Each structure stands twice: as structure tokens, then as C-alpha cells.
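Descriptive analysis of the structure
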Number of protein chains: 4
Amino acid sequence: MGEELRGDGWAVATFRVRYAETDAAGIVHHATYLVWFEEGRSALSRLLGLPYAELEREGIDLVLSRVEARYRRPARYDDLIQVWTRADEVRSRMMRFAYRAVRVADGELLAEGVTEHIPVQRASGRPVRLPPRFLTAWSSDVAKARRLKGEFPLPELGAPLRATD
Amino acid sequence: MGEELRGDGWAVATFRVRYAETDAAGIVHHATYLVWFEEGRSALSRLLGLPYAELEREGIDLVLSRVEARYRRPARYDDLIQVWTRADEVRSRMMRFAYRAVRVADGELLAEGVTEHIPVQRASGRPVRLPPRFLTAWSSDVAKARRLKGEFPLPELGAPLRATD
Amino acid sequence: MGEELRGDGWAVATFRVRYAETDAAGIVHHATYLVWFEEGRSALSRLLGLPYAELEREGIDLVLSRVEARYRRPARYDDLIQVWTRADEVRSRMMRFAYRAVRVADGELLAEGVTEHIPVQRASGRPVRLPPRFLTAWSSDVAKARRLKGEFPLPELGAPLRATD
Amino acid sequence: MGEELRGDGWAVATFRVRYAETDAAGIVHHATYLVWFEEGRSALSRLLGLPYAELEREGIDLVLSRVEARYRRPARYDDLIQVWTRADEVRSRMMRFAYRAVRVADGELLAEGVTEHIPVQRASGRPVRLPPRFLTAWSSDVAKARRLKGEFPLPELGAPLRATD
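Summary of the structure given here. The model shown is predicted, which means the values in this text are computed figures rather than measured ones.

Scoring rules and cut-offs
- Residues numbered from 1 in each chain as written.
- Chains lettered and ligands numbered in written order.
- Predicted model: local features only at pLDDT ≥ 70, side-chain atom pairs only at ≥ 80, totals over all residues.
- Heavy atoms only, no water.
- Helix = DSSP H or I, 4+ residues; strand = E, 2+ residues; numbered from the N terminus.
- Contact = heavy atoms within 4.5 Å.
- Pairing = 2+ DSSP bridges.
- Axes fitted to C-alpha atoms, helices over the stretch in contact; angles between N-to-C directions.
- Buried area = accessible area lost by both parts, 1.4 Å probe.
- Salt bridge = Lys/Arg side-chain N within 4 Å of Asp/Glu carboxyl O.
- Polar contact = N/O pair within 3.5 Å; in protein donor to acceptor, adjacent residues only side chain to side chain.
- Nonpolar A, V, L, I, M, F, W, Y, C, P; charged D, E, K, R; others polar.
- Phe/Tyr/Trp six-rings, centres within 6.5 Å; stacked < 30°, edge-to-face > 60°.
- Buried < 20%, exposed > 50% of the residue type's maximum accessible area, 1.4 Å probe, protein only.
- Lys NZ or Arg CZ within 6 Å of the ring centre and 35° of its normal.
- Least-squares fit on C-alpha atoms with pLDDT ≥ 70 in both.
- Parallel < 35°, antiparallel > 145°, perpendicular 65-115°, else oblique.

A few words now on the environment of His29(C). Among the structural elements, His29(C) can be located in the loop between strand E2 (11-16) and helix H1 (32-47). It is 9.5 Å that separates the C-alpha atoms of His29(C) and Arg76(C), two residues lying 47 residues apart in sequence. Ignoring anything within four residues of it in the chain, the contact list for His29(C) reads Glu38(B), Glu21(C), Thr22(C), Asp23(C), Tyr19(D) and Ala20(D).

Right under this line is the structure:
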């Protein structure tokens, strides 16, 4: 349980699989991972001191424009899960986050994913630029993560998930 | 599929169990029935010509204050389900709806429930009186349902679900 | 975050509201509380050393037969929540659990509820008696909770939620 | 409401947005689209006469290995939605389905997506070949869809969603 920010910019949120998150195949339903990724994103922004909720209070929603997830191993009820989340690309009009869901008991990579977001003014529904302090904070986080790459090795993951066009 | 209003005031919404609605016990998760009841309530207000959405546009939410559900038989993926919904009690400051979830294939009663709602002004968060045209429409519906009782017999259900205090 | 067992038999699970748990009224959707209660029940059985999962491995499901919830205050995205869960009545063929959901920031009672469960053999679908070691463990927990009543005072809650028949 | 199979192999399932599917941004939560896509997939297999449930009864799960979704426009409570689903690629060890979610009122494309699935023996957890009658049925469906391309024009959608590796 809990959440922590690693030196390489990954936020790690830890929680257990809820029974309601399983399906008749006896495993966690695939749509649940999107909810976990979102929770990981919330943990990241809380840990960076810029709660997602604060952005909401400014009338800006980070509207999801794209999600991709790959499922490697099933998770089951009561499993202790870690969701790793990192800002992967930060531009004033698009942010991409990367995620990994890992089972604590055996270190298995369960799923990985990316989400892309567009800052949108809630009142108008129009895309807007990300307010500078969010842009700065998240960009420096990405830069730091790249510098530290290699110092915090992760399991080999094959081809990274990227935009297809 | 679809929805229809019966002469005795029950709205009947028909749909199939979604896979995501099941859990690791191989049956529909109990929290799903609350979502079905809510969908039944939406169908009822659409059929009465007073969409729930219209109440929302007036800045009023029908805030759920109490829910009770009894589970009789499990439902499974792909089952065709009917949710019966009726306004059961209508007062200016409280409404109660009653629900029955039935499996079409064998007519089994799967679950029954009630919800109680308090009209609340969204802006202030304060309880308000239900706008008269909603009160009138829903009240006459309840009255008609009582007059017609017996003409539209339902399976015997034991003690009705009522408020406990 | 995390979970702990109090001396009076209440298990307390702490977690944050997920964005996906909110609805268009800007508050936590009422069906979410059933998922939280279930998570509280899981925490309780883990803390008592008899994981719910263990009962599952014996081929027994604690099938929910009844749920009742009363909603007092809305919860919002990012709120830190505590769910208090206690075995309230334990019989070989029926268990009742009681729940309270509290917002940590202001101590507000958000919702309270009860669930009733019937032990069912998964293979046959038939009700069975609860295995003795579960019955004993949970019963002594209820007895202890009653002895300690008053030592662990809780906010005044009005009429308790009880079965209606 | 309801579902129908078009001549070009798209299954069209029609239903309304449920209130529980919205979030605090006032729109349908993005994870909901995965549930809709899955429901579209269920509709497709029912319409082809090979219910997904039948595959389950043979002890085979079509395990989701990858999902990608792009979100174009928000959907709101009570919107009438069509989900278009088509088998896009069928091989004995991998199937890909394509989806489009459209709002009926204005014909707006809300989201599009693909899912990839691996047939897995439930008992062993091992990948298996898709039973021939499923492979044949779904393959001929894909072939027919390609022949008919152009006869059933769809709104221009830009670059198709494809596997990235």
C-alpha cells in the first residue's frame, strides 16, 4: 500500500486487486488496468507536488486522446500490485505517460501501457496549452528520468510502446 | 434490448449481461445490480417523458440516500436480463423506486431492490423540493400503479423491501 | 493507505478515491461504495488471518444475499477514505458485516452499510455451513467487539441498519 | 437498442450511456470504451452464430493481449451509442478486432480501437490454436468484409490503428 517517487522519475503505487476487478475468467478484467494506470498517474502528480486535482480546479482537464496496453500475465484477486508511472513526453499540447503493472510476489510484469493526453479547457471544450508550471515540472521530470536511465534498470520489455503514426 | 412502459407503471429495460460485469465467482458482481437499477430508473423517466437528464439540466440531482438489494439467483455472462423499475413513493423531498431484475430465459427473479433519493440543488448542495411537474407526473404514476395492482400480477416476492426506520 | 485491525474488531482500510469512481455529478458513484465495502471485508479477513481467498480455495463462496447502504455525504476525487468493517453477526449459515466509510480530512461519515452472506458450495451452488474454523474466528471477533463497545467510541450514527424482516 | 450484422461484416450494437459510465469531467470515462468494445465483440460473435460463450464452454478464453483506443469526441449520459465491431485479422493463434463508437444523434465518431486476442486453454493457461470452425467462420467474415469494402462507406478515419511491431 502507499506510493513513492523513485529517483528515476517513476512513481510507484502499491495496492491489492479488488474482487470486483476480476471477471468470469478468474482474472483481472483488462479494462481495470486503465483504471490502475489512471491511479498511477494520480500518484505521480501528487508526488510531484502538482496534484491532478489542482489542474482540474483551474478548469483544465487532461483529456485522454489515446491509450495502448499490452497484457503479459494475468493478475488475480488479492494479488499485491505495483503500478509504475512516468511522464514519458511532455509538450504544451500533448503529454504521454508510460505505465507498468507488476505483481509484487514474483516480480512478474503483468501489463504495460501508454496514455496520451491533450489539455482541454473544460468550459469551452477547446484544446489549450498546459500551464507553464505544469509543463516545467513535468518536463524536468522527464529529462531527469532520461539522465538516470540505466541507473535504475528495469526488466527487459522488448519494443517500447509508441504512437503508431 | 429496448425499453417499454407497462400499464401498471413498471418500466421494463432489456439488455444482456456484459462480460465485464462478471467476477471470479463466474457470476454477475453484486455492485452491478445497482448500475442496472440506475439504468432502469433512467428508462422509467425517459418513458414517462421526463428524462432524468432534464432534471439534471435544471441543476437538480436526485441524490441517492439509501439503497437496499436482495439477491436471489446468480446471473451469468450473456444472460438476457429485464430490469423492472417503478416509482414506489413520491414526496416533494424523497422518492423511492422499486426494482426487480429477472432473467428472460427462465423468468427467474435474480434480485430486487429499492433506492431512496433526495432532490438536491447541485450549486448549493442543499436539499430542495422536487419541481412540481416531476412530482405530479411521478405521483400519478404511483397512484395508477396502485389502482392497477392485481391486473398485472407478478411472481410472489415475500415481504416487500421497506425503509427500516 | 494500508489496513489495520483495531482492538474492537473493526478493520480499517485506507485508500484514495480513484477518478474512475466518480460520476457526472462530480462525486463518487453510489455503486462504488459496495466495492469499497467488499474491499473492507477482504481487509478484515486478511487481518484476522483467514483470508477470504482461503475460503475460495476450499470451494466456498460467501454469496451476498443482501446489501443495504445509507449515503450521508458525497466523496470526491482524491479524497483519502477509510472504510471500517466489522463482522456484526456470525452464524453457520449467514454472516452479516457492517461498514462505515469516513473521509480522513474532516472525519465526516460518508456512508454506512451492511451486507449479509450465505456460504455456498461453488461446485453445487448449494448453501453449506461455514467451516468451523471460520465460524469460531469470526464469532469470537464479534463477541470481543461487543465487550469492548464503549471503549472505542464512534460518532453517533442514529438507528442501526438491520435486516427488515 | 439491439444488434444487427451488416453486409460488410460490421456488427452494430446500439445502447444508451449509463450514468455510472460517466466521470467527474461530465463525460464517459475512457475505460468504459473497452467495456463497450467487448460488448461489440460479444454482439459480433452472437450474430455470426458462434457465441463467445460457446468458446468459453470449450474451455478456451480469448485472452486479450493488446488494446489500443483513440478518443475523438466525448460522450455523455443518455447519449444513444452505436458500437461497430469487425474481425479485422484472423489467424489460428491471434485475432484482431476493430471497433468504432459512434453517437447516433449526430453521427460523430467518438472513439475507435483495436484489440488483439490469443486463444488460451483455461485449464493449462497455455496458448492454443483456435478451433477450426471458429477460424473458418471468422476468416470468411474478414474476407467478405474486404470484398465489400467501398460498398459500405464509412466516415474518413485517417490512419488505421495497427499493431506497432
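Following the structure, the description resumes.
Okay, the sheet that holds strand E2 (residues 11-16) of chain A next. Across a sheet, strands are paired by hydrogen bonds formed along the backbone, either parallel or antiparallel in direction. Taken together, the twelve strands give an open sheet; going across it, the order is E1(A)-E2(A)-E4(A)-E5(A)-E6(A)-E3(A)-E3(D)-E6(D)-E5(D)-E4(D)-E2(D)-E1(D), and neighbouring strands pair in antiparallel fashion. Here the strands that pair on one side only, and so sit at the sheet edges, are strand E1 (2-5) of chain A together with strand E1 (2-5) of chain D. Mean inter-strand twist for the sheet, computed between neighbouring axes without regard to direction, equals 25 degrees. Sheet analysis places E1(D) next to strand E2 (residues 11-16) of chain D, joined by four bridges and oriented antiparallel. In the sheet register, Leu5(D) faces E2(D), and the bridge partner there is Ala11(D). Contacts from helix H1 (residues 30-47) of chain D reach strand E3 (60-71) of chain A together with E1, E2, strand E3 (60-71), strand E4 (80-91), strand E5 (94-103) and strand E6 (109-121) of chain D, with the element oriented near 65 degrees to E4(D).

We now examine the interface of chain A and chain D. Where interface size is given, it is often the accessible area lost as the parts come together that is meant. The partner chain D presents 23 residues to the 22 residues of chain A that form the contact. Buried surface at the junction of chain A and chain D, summed over both partners, amounts to about 2,000 Å²; 55% is from carbon and sulfur atoms. Counting across the interface, chain A meets chain D through two salt bridges. Residues Glu68(A) and Arg66(D) are paired through a salt bridge, measuring 3.0 Å at the closest nitrogen-oxygen approach. At the surface where chain A touches chain D, the tally comes to eight residue pairs in polar contact (both at pLDDT 80 or more). If one sorts the elements of the side of chain A that touches chain D by residue count, E3(A) sits on top with nine residues. Its residues assigned to classes, the side of chain A that touches chain D shows nine nonpolar, four polar and nine charged. As judged from the five bridges shared by E3(A) and E3(D), these two strands associate in the antiparallel manner.

Below, the discussion takes up the sheet that holds strand E2 (residues 11-16) of chain B. Ordered in space as E1(B)-E2(B)-E4(B)-E5(B)-E6(B)-E3(B)-E3(C)-E6(C)-E5(C)-E4(C)-E2(C)-E1(C), the twelve strands form an open sheet in which the pairing is antiparallel. Edge strands, defined here as strands with exactly one partner in the open sheet, are strand E1 (2-5) of chain B together with strand E1 (2-5) of chain C. If you compare each strand with its neighbour and ignore which way they point, the axes differ by 25 degrees on average. In this sheet, strand E6 (residues 109-121) of chain B lies alongside strand E3 (residues 60-71) of chain B in antiparallel orientation, the contact comprising eleven bridges. By the bridge assignment, Arg70(B) is partnered in E6(B) with Glu112(B). Across the sheet, H1(C) touches E3 of chain B together with E1, E2, strand E3 (60-71), strand E4 (80-91), strand E5 (94-103) and strand E6 (109-121) of chain C, and the angle it forms with E4(C) is around 65 degrees.

Further remarks concern the pattern of salt bridges. Once the charged atoms of two side chains with opposite charge are near each other, the side chains can pair. All names here are of chain D. Using the criterion set out here, one finds 80 salt bridges over all chains in the structure. Note that Glu116 is salt-bridged to Arg96, the shortest N-O span being 3.5 Å. Residue Glu116 is located in strand E6, and its partner Arg96 is located in strand E5; the two are separated by 20 residues in the primary sequence.

Right, let's get into the interface of chain A and chain B. Every contact between the two is made by eight residues of chain A and, on the other side, eight residues of chain B. Between chain A and chain B lies a buried interface of about 700 Å² when both sides are counted; carbon and sulfur atoms form 63% of it. At the junction of chain A and chain B, the tally comes to zero salt bridges. If you look at where chain A meets chain B, you find six residue pairs in polar contact (both at pLDDT 80 or more).

This part takes up the packing of aromatic side chains. Aromatic ring pairs are described here by two measures, namely the spacing of the ring centres and the angle between the planes. Across all of its chains, the model carries 24 aromatic pairs over all chains by this definition. On the numbers, 4.6 Å between centres and 10 degrees between planes, the contact of Phe37(C) with Tyr99(C) is stacked. Here the residue Phe37(C) occupies a position in helix H1, and Tyr99(C) occupies one in strand E5, the gap between them amounting to 62 residues. On the basis of relative accessible area, Phe37(C) is assigned to the buried category, the value being 0%. According to the relative accessible area criterion, Tyr99(C) is buried, its value standing at 1%. Note on Tyr19(D) and Tyr77(D): the rings are 5.1 Å apart at their centroids and 80 degrees apart in plane angle, and the pair reads as edge-to-face. One end of the pair, Tyr19(D), is in the loop between E2 and H1; the other, Tyr77(D), is in the loop between E3 and E4, with 58 residues separating them in the sequence. In this pair, the class of Tyr19(D) matches that of Tyr77(D), namely buried. Three or more aromatic residues joined by ring pairs form one cluster here, namely Phe15(A), Tyr33(A), Trp36(A) and Tyr71(A). Lying across the ring of Phe15(C), Arg18(A) places its NZ or CZ 5.2 Å from the centre.

Before going further, it helps to examine the relation of the copies chain A and chain B. Each copy of the sequence occupies a distinct position, and chain A is placed on chain B by a rotation of 180 degrees and an axial shift of 0.0 Å, giving an RMSD of 0.0 Å. Such a turn and shift between the copies fits a two-fold axis. Taking C-alpha positions as the reference, the residue of chain A nearest the rotation axis is Asp23(A), at 1.9 Å. Interface overlap between copies: 100% of the residues of chain A at the interface are likewise at the interface in chain B, consistent with a symmetric, same-surface contact.

A few words now on the packing of helix H1 (residues 30-47) of chain B against H1(C). Interaxial distance between H1(B) and H1(C) falls to 9 Å at its minimum, and their mutual angle equals 170 degrees. One element, H1(B), and the other, H1(C), form an angle in the roughly antiparallel class. Mapping the contact onto sequence places His30(B), Ala31(B) and Leu34(B) in H1(B) and Leu34(C), Val35(C), Glu38(C) and Arg41(C) in H1(C). Looking at the contact of H1(B) with H1(C) residue by residue, the class counts come to four nonpolar, one polar and two charged.

Residues and elements named next belong to chain A. Secondary-structure assignment places Arg126 in the loop between strand E6 (109-121) and helix H3 (132-148). Sequence separation between Arg126 and Ile60 is 66 residues; the distance between their C-alpha atoms is 9.8 Å. Not counting the four nearest positions on each side in its chain, Arg126 is found in contact with Pro119, Val120 and Gln121.

Outside of glycine, negative phi angles account for most residues, and trans bonds account for most peptide bonds. In this structure, Asp78(A) is a non-glycine residue whose phi angle is positive, near 85 degrees. Locating Asp78(A) in the fold gives a position in the loop between E3 and strand E4 (80-91).

Two faces, one strand: in a regular strand the side chains alternate between the faces of the sheet. Residues and elements named next belong to chain A. Strand direction decides the pairing type here: E2 and E4, joined by six bridges, are antiparallel. Along E4, the bridge assignment pairs Val12 with Trp84. Relative to strand E5 (residues 94-103), E4 runs antiparallel, the two being bridged by ten bridges. Bridging from a neighbouring strand, Trp84 pairs with Arg100 of E5. Here E4 folds back onto E5, and the loop between the two strands holds two residues.

Taken N-terminus to C-terminus, the directions of helix H1 (residues 30-47) of chain A and H1(D) make an angle of 170 degrees; their axes are 8 Å apart at the nearest point. The angle between H1(A) and H1(D) falls in the class roughly antiparallel. Packed against H1(A), whose contacting residues are His30(A), Ala31(A), Leu34(A), Val35(A), Glu38(A) and Arg41(A), the element H1(D) presents His30(D), Ala31(D), Leu34(D), Val35(D), Glu38(D) and Arg41(D) at the interface. Here the contact of H1(A) with H1(D) is composed, by residue class, of six nonpolar, two polar and four charged.

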